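Each chain is listed here by its residues.
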Amino acid sequence: MKKRIGILTAGGDCPGLNAVIRAVVRRAVADGAEVVGVKNGWRGLAEGDVEPLTRSAVTGILPRGGTILGTSRLNPLDSPDTLARVKKNWQRFGLEGLVVVGGEGTLSAALDIWRDHNLPLVGIPKTIDNDIRGTDFTFGFDTAVGVVTDAVDRLHSTAESHHRVMVVEVMGRHTGWIAAYGGIAGGADVVLVPEHPFRISRVCELLKHREEQGRAFSIVVVAEDAHPHEEENFLIDEVREQIFRHDRLGGIGTALAQEIEDCTGIETRVTKLGYVQRGGSPSPFDRVLATRFGVKAYEMIQAEQWGQMAAIRANEIVTVPLEEAVSELKRLDEEIYNVAEIFFG
Ligand code: F6P
């Protein structure tokens, strides 16, 4: 009998998911195995919604954004009934292993499902936020940084023409990877990240100083979870709660732009990049990374390396225990922040 494995994509989508799916299928088919695509994350296993992924089913998907399998945030551990249905369908479809492609939340659930319920699975780290421990990069991040860089480049010319400050709010959840990389690549004048609560007086000082030096415009990149320093908190409680919601972040850019305009007197505008950072075709780097991860994931299943995640370290594809990967978020490297900071003001 042919070996049969499954693959699912769960959590927020990101560019490169289809490249992973294609790579798992191509590697498996080359080995004479069958792949079952589970629709909409864990929901597909709970509901028995799967489709065969043949070689022809994955033709042409490499450059496509999103995921042909769909996604959801359903966590089977939230309900014993859902978990029981997942286990039942796992047997029914005869899965000998499952590739779980997800971010921190999905991989944490995968770890528990493997450890506590003995379902054989391996993980692949996916997120534009690049916040997963044990891997230098997650796929999707490079594409998101490309979008931010392009936006900052475009904002430069309009900021310069109007002598304005442009605040650009970017994603990243609780880490500043996208902000720092996008800020460095786009030549931002200030970059604000969650890892370093910012003093608004310092931000305004930097922008005023630029103006005094004859630089008639500035670009400020702010991560969605960047907080003002508690000694200089300019957000009233109601606004703070609205911006830093547990389930959804967004809005610090608008509050910051208002504050900058008030304290510098320079006309200030805000651009929130939002979901464009997550959509569209993956960059070449992400296509290659996702493909390498997909090939590795199949080989991990062959080797029965359950509870492990594919990762990249010093450009080598390696395996990392899921336990290590989800132990805590990977915060922005200080070295990267220090490089960004050299260009402030
Ligand atoms: O984790 C990826 C991400 O895009 C974050 O950068 C962002 O905060 C979040 O997902 C938005 O998630 P949702 O799709 O639930 O709005």
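**Quick look at the environment of N233**
Within the secondary structure layout, N233 lies in the loop between β8 (218-223) and α8 (237-243). N233 sits in the partly exposed class, given a relative accessible area of 35%. On a C-alpha basis, the gap between N233 and G214 in space is 30 Å, while along the polypeptide they are 19 residues apart. Setting aside anything within four residues of it in sequence, one finds N233 in contact with P228 and R240. Polar side-chain contacts of N233 include one of 3.0 Å to the backbone nitrogen of L235.

**Here we look at the site of the ligand**
Around the ligand, a shell composed of R73, T127, I128, D129, M171, G172, R173, E224, Y275 and R278 is seen. G172 is positioned with one of its backbone polar atoms (N or O) 3.2 Å from an oxygen atom of the ligand. Here an oxygen atom of the ligand and a side-chain polar atom of R278 are 3.0 Å apart. Notes on the ligand: free accessible area 400 Å², of which the protein chains cover 81%. Using a 2 Å cut-off from the grid points, one finds that the ligand occupies the largest pocket. Looking at the shell around the ligand, you find at least three residues from each of domain 1 (4-139 + 282-325) and domain 2 (144-278).

**Side note on the packing of aromatic side chains**
Per the counting criterion, the structure on display carries seven aromatic pairs. Look at W177 and Y181: their rings are 6.3 Å apart centre to centre, the planes differ by 40°, and that puts the pair in the tilted class. Here W177 pairs with Y181, and both are found in helix α6 (residues 177-186), just four residues apart, close to one helical turn. Using a relative accessible area of 26% as the deciding quantity, one classes Y181 as partly exposed.

**Digging into the nonpolar core**
Of all hydrophobic cores here, the largest spans 86 residues; its most connected members are I7, F139 and L256. Broken down by element, the residue count for this core peaks at eight residues, all from helix α5 (residues 141-162). When neighbours within four sequence positions are excluded, L256 is seen to be in contact with V167, L192, F198, I200, V220, V222 and F234. Counting residues in hydrophobic clusters, the runner-up holds 26 residues, among them W42, A46, F93 and L98.

**A look at the sheet that holds strand β9 (residues 268-272)**
Taken in spatial order, the four strands line up as β7-β8-β6-β9 in an open sheet, and their pairing is parallel. Both outer strands of the open sheet, β7 (190-192) and β9, are each paired with one neighbouring strand and no more. Within the sheet, the average angular offset between the axes of one strand and its neighbour, ignoring direction, is 20°. Examined bridge by bridge, β7 and β8 share three bridges and lie parallel to one another.

**Quick notes on α6**
Burial runs high along α6: seven of the 10 residues are buried. The inward-facing, buried residues of α6 abut α5, β6 (165-170), β7, β8 and α12 (334-342). G187, located one to two residues past α6, shows a positive phi value of around 70°.

**Some remarks on a negative patch on the surface**
On the surface, D136, D333, E334, E335 and E341 cluster together into a negatively charged patch. By the element assignment, D333 lies in the loop between α11 (322-325) and α12.

**Remarks on the domain arrangement of the protein chain**
Domain annotation of the protein chain identifies domain 1 (4-139 + 282-325) and domain 2 (144-278). Between domain 1 and domain 2, the contact holds 11 residues from the first and 10 residues from the second. Counting each side, the surface lost to burial between domain 1 and domain 2 is near 870 Å², with a carbon and sulfur contribution of 49%. Our count for the contact surface shared by domain 1 and domain 2 stands at three salt bridges. Across the pair R173 and D131 runs a salt bridge, and its minimum N-O distance is 3.7 Å. Inspection of the domain 1/domain 2 interface yields three residue pairs in polar contact (both at pLDDT 80 or more). Looking at the side of domain 1 that touches domain 2 residue by residue, the class counts come to four nonpolar, two polar and five charged.

Rules and cut-offs
- Residues numbered from 1 in each chain as written.
- Predicted model: local features only at pLDDT ≥ 70, side-chain atom pairs only at ≥ 80, totals over all residues.
- Heavy atoms only, no water.
- Helix = DSSP H or I, 4+ residues; strand = E, 2+ residues; numbered from the N terminus.
- Buried < 20%, exposed > 50% of the residue type's maximum accessible area, 1.4 Å probe, protein only.
- Contact = heavy atoms within 4.5 Å.
- Polar contact = N/O pair within 3.5 Å; in protein donor to acceptor, adjacent residues only side chain to side chain.
- Near = heavy atom within 4 Å.
- Areas by Shrake-Rupley, 256 points an atom, 1.4 Å probe, with all protein chains shown as cover.
- 1 Å grid on protein atoms, 1.4 Å probe; cavity = no way out; pocket = protein on both sides within 12 Å on 5 of 7 lines; lining within 4 Å.
- Sits in = over half its atoms within 2 Å of the grid points.
- Domains from an automatic or database assignment.
- Phe/Tyr/Trp six-rings, centres within 6.5 Å; stacked < 30°, edge-to-face > 60°.
- Core = buried A, V, L, I, M, F, W, Y, C linked by side-chain atoms within 4.5 Å.
- Pairing = 2+ DSSP bridges.
- Axes fitted to C-alpha atoms, helices over the stretch in contact; angles between N-to-C directions.
- Patch = residues over 30% accessible without salt bridge, like charges linked within 9 Å, V, L, I, M, F, W, Y side chains within 5 Å.
- Salt bridge = Lys/Arg side-chain N within 4 Å of Asp/Glu carboxyl O.
- Lys, Arg positive; Asp, Glu negative; His and termini not counted.
- Charge placed at Lys NZ, Arg CZ, Asp CG, Glu CD.
- Buried area = accessible area lost by both parts, 1.4 Å probe.
- Nonpolar A, V, L, I, M, F, W, Y, C, P; charged D, E, K, R; others polar.

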